[in-house]
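A closer look at the structure
What follows is each chain in one-letter form.
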Amino acid sequence: MGGERQHYYGKHGTPQKYDPTFKGPIYNRGCTDVICCVFLLLAIVGYVAVGIIAWTHGDPRKVIYPTDSRGEFCGQKGTKNENKPFLFYFNIVKCASPLVLLEFQCPTPQICVEKCPDRYLTYLNARRSQDFEYYKKFCVPGFQNNKGVAEVLRDGDCPAVLTPSKPLARRCFPAIHSHKGVLMVGNETTYEDGHGSRKNITELVEGAKKANGVLEARQLAMRIFEDYTVSWYWIIIGLAIAMVLSLLFIVLLRFLAGIMVWVMIVMVILVLGYGIFHCYMEYARLRGEAGSDISLVDLGFHTDLRVYLHLRQTWMAFMIILSILEVIIILLLIFLRKRILIAIALIKEASRAVGYVMCSLLYPLVTFFLLCLCIAYWASTAIFLSTSNEAVYKIFNDTACSVAGKTCNPETFPSSNESRLCPGAHCQFAFYGGESTYHRALLGLQIFNAFMFFWLANFVLALGQVTLAGAFASYYWALNKPDDLPAFPLFSAFGRALRYHTGSLAFGSLILAIVQIIRVILEYLDQRLKAAENKFAKFLMTCLKCCFWCLEKFIRFLNRNAYIMIAIYGTNFCTSARNAFFLLMRNIIRVAVLDKVTDFLFLLGKLLIVGSVGILAFFFFTHRIRIVQDTAPPLNYYWVPILTVIIGSYLIAHGFFSVYGMCVDTLFLCFLEDLERNDGTAERPYFMSLTLKKLLNKTNKKPVES
């Protein structure tokens, strides 16, 4: 038996030995992983340098305000485009690619115009009519009608066709509607040019329809923005209600943990049951209504999602999904009812710990503030880097020329040597980018920007985990609670983490950031290779994405437990990760059951809070209930504020329950350490609470009197 025990510990590490001086988180500790701390500081200095360079070269107005192909702002006072506030795209279909978002530039000529076009007109027909002067307003500035039709279209001097457009965000987007000049003949679209002849423009209309899809998406965005402007007040009230419910839930858990857990479980079952009942009533109400039996596949996609609520199939799908969730939850409760009692004991112990360290509930605000700083710096740097491109001009010539294709300056080109070498050459806009070393390094700088964001964000989260773990570990290892508890456990843990373990936090965050940036690169490559027909490449990409997703989940789990060991013992990251991993492996059954059941109970709590606030928001924004004399504002899409309240409520509940989750994980690891270190004798007493001792049939033996 002893040999088996020795072999078991040989496979899963060596348990902690009894230390009579150990009374909780070690205070006499040294700095750990100093090299990683130095690397982090150097990386932050480099990150600041990248930000300064980006802010020097970038211009975020290129994203906010429309600019033409020469990089000049439309409608800016004091420029030649002062009276031309709108941006016109020669071929807006080229702007529909999602890859355009990476460059913030559409690969088609763009000019500033006074008004968007209001008629259908092709360049060929305009040359032969009196509309040519009107058409020239949408050609490049300084256009002279001294070229043939093919040359004009080849050189991009004028658009091939004009379509009626409407300004949106100071940009001209096609407006597809009936027009007396456009006729539908069978399945073929033709254009009547005024002389009775009809020319096929099917490709034009198809391209315009694609552009109209972009317009519909933008109109959807504008309507959503309008809904936010009239409902933001009620959204804030809904989020405040979610915050109050979360605080109330945590306070009640401290005193009525067992009752609250069972009430919470029953409430979730009732909420799901009401959802099933409501879906059935809507499904029955639509029976016999015209058009309600159309399938979702036949209806297709519509931006107005309210259309789907008039289909019986939609409510049937909702009812099936909710029924499946209801059955799963009931089955889990039946088979795990005994384990739930143990989870309740852990929650009660965590409730007491949080009760003695109440300021821990406010720490997520610190994490949120630091994450907002990271996100703001990353986003601003990314925008400035993306708008660092400049207008590049090159020499163009119809005949062979030695300097053709070289960059040039349009202001100095007439008097330069290149113009004398090629008298017929001209310096014109080539593309929007740059050919300097800085511009060639923009992609690398963007990757570095994303990598540093991941690193710093993970560091902020790690700092919060170590701080909370140190505070709650101080509670557990206090033999006489709360008399032996330090005066300010949270602040003491925060100071220890920053003073001694910045390097260890940087090390763990670095490993996770590397995996995350690899996942981002894989997603980018997957988007670029979507058109590839190589099935093996798609299979390999899918496998890599799946593997790195699993790796990230494992590293997150390992880091979380390693940070708890760092907070308790003050060891470096690798040693803490190894000890935490082997400790969990030696108690794998308890980890698999107790930890996951506790996480499941926390998830039920979030669902109860989110479900309650979501149902209240649904009834309010659909005008089914009123609050005093006020009623919900008129909305384009009532699901916009409802989804916002639901998502916001979940994030708020997650913030409060994350403190509880960290407390339970810390107490669980301390509990396992307590079992291995101590045996209940007077010399080695258990530090666990009386409730946990009863569940495990453990007792502290009284000293034998002589």
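Here the structure is a predicted model, which means the values were calculated and not measured.

Moving on, we get to empty space enclosed by the protein. For the structure shown, the criterion picks out 3 cavities of 30 Å³ or more. Roughly 110 Å³ of volume is contained in the largest cavity. Looking at the largest cavity, it is lined by 11 residues, and the ones nearest its centre are Trp234, Gly238, Ile241, Leu616 and Ala617. Those elements that place two or more of their residues in the lining of the largest cavity are helix 8 (202-285) and helix 20 (588-621). If one sorts the elements of the lining of the largest cavity by residue count, helix 20 sits on top with 5 residues. Taken together, the residues that form the lining of the largest cavity break down as 10 nonpolar, 1 polar and no charged.

Moving on, we come to the pairing of strand 6 (residues 171-174). Of the two faces of strand 6, the one carrying Arg171 and Phe173 and the one carrying Cys172 and Pro174 are both buried. With 4 bridges joining them, strand 5 (residues 165-168) and strand 6 adopt antiparallel strand pairing. Looking at strand 6, one finds that Lys166 is bridged to Phe173. Hairpin connection between strand 5 and strand 6: a loop of 2 residues separates the two successive antiparallel strands, and Ala169 in this loop has a positive phi of roughly 55 degrees.

It is worth spelling out the packing of aromatic side chains at this point. Any pair of aromatic rings gets described here by the distance separating the centres and the angle formed by the planes. Using the criterion set out here, one finds 24 aromatic pairs in the structure. Seen from their ring centres, Tyr47 and Phe448 are 6.1 Å apart, and the 85 degrees between their planes marks the pair as edge-to-face. Placement of Tyr47 in helix 2 (residues 34-57) and of Phe448 in helix 15 (residues 442-476) is noted, with a sequence separation of 401 residues between them. Joined through ring pairs, the aromatic side chains of Tyr47, Trp55, Tyr377, Phe384 and Phe448 make up one cluster. The ring of Tyr134 has Arg119 lying over it, and the distance from NZ or CZ to the ring centre is 3.8 Å. Its end group placed over the ring of Tyr283, Arg312 keeps NZ or CZ at 3.9 Å from the ring centre.

The next subject is a nonpolar patch on the surface. On the surface, a cluster of nonpolar side chains totalling about 880 Å² of accessible area is made up of Leu248, Val251, Leu252, Phe255, Leu256, Ile259, Val263, Val266, Met267 and Leu270. Relative to the elements of secondary structure, Phe255 occurs in helix 8. Phe255 sits in the exposed class, given a relative accessible area of 60%.

The next point concerns the packing of helix 15 against helix 18 (residues 535-569). Closest axis-to-axis distance for the helix 15/helix 18 pair is 8 Å, and the angle between their directions is 45 degrees. In terms of orientation, helix 15 lies oblique with respect to helix 18. Handedness of the crossing formed by helix 15 with helix 18: right-handed. Together, Asn458, Ala462, Gln465, Val466, Ala469, Gly470 and Ala473 of helix 15 and Arg556, Arg560, Tyr563, Ile564, Ala567 and Ile568 of helix 18 make up the contact between the two elements.

Calculation criteria
Residues numbered from 1 in each chain as written. Predicted model: local features only at pLDDT ≥ 70, side-chain atom pairs only at ≥ 80, totals over all residues. Heavy atoms only, no water. 1 Å grid on protein atoms, 1.4 Å probe; cavity = no way out; pocket = protein on both sides within 12 Å on 5 of 7 lines; lining within 4 Å. Points joined across faces, edges and corners; volume = space filled by probe spheres on them. Helix = DSSP H or I, 4+ residues; strand = E, 2+ residues; numbered from the N terminus. Nonpolar A, V, L, I, M, F, W, Y, C, P; charged D, E, K, R; others polar. Buried < 20%, exposed > 50% of the residue type's maximum accessible area, 1.4 Å probe, protein only. Pairing = 2+ DSSP bridges. Phe/Tyr/Trp six-rings, centres within 6.5 Å; stacked < 30°, edge-to-face > 60°. Lys NZ or Arg CZ within 6 Å of the ring centre and 35° of its normal. Patch = residues over 30% accessible without salt bridge, like charges linked within 9 Å, V, L, I, M, F, W, Y side chains within 5 Å. Areas by Shrake-Rupley, 256 points an atom, 1.4 Å probe, with all protein chains shown as cover. Salt bridge = Lys/Arg side-chain N within 4 Å of Asp/Glu carboxyl O. Axes fitted to C-alpha atoms, helices over the stretch in contact; angles between N-to-C directions. Parallel < 35°, antiparallel > 145°, perpendicular 65-115°, else oblique. Left-handed = near helix turned anticlockwise from the far one by under 90°. Contact = heavy atoms within 4.5 Å.

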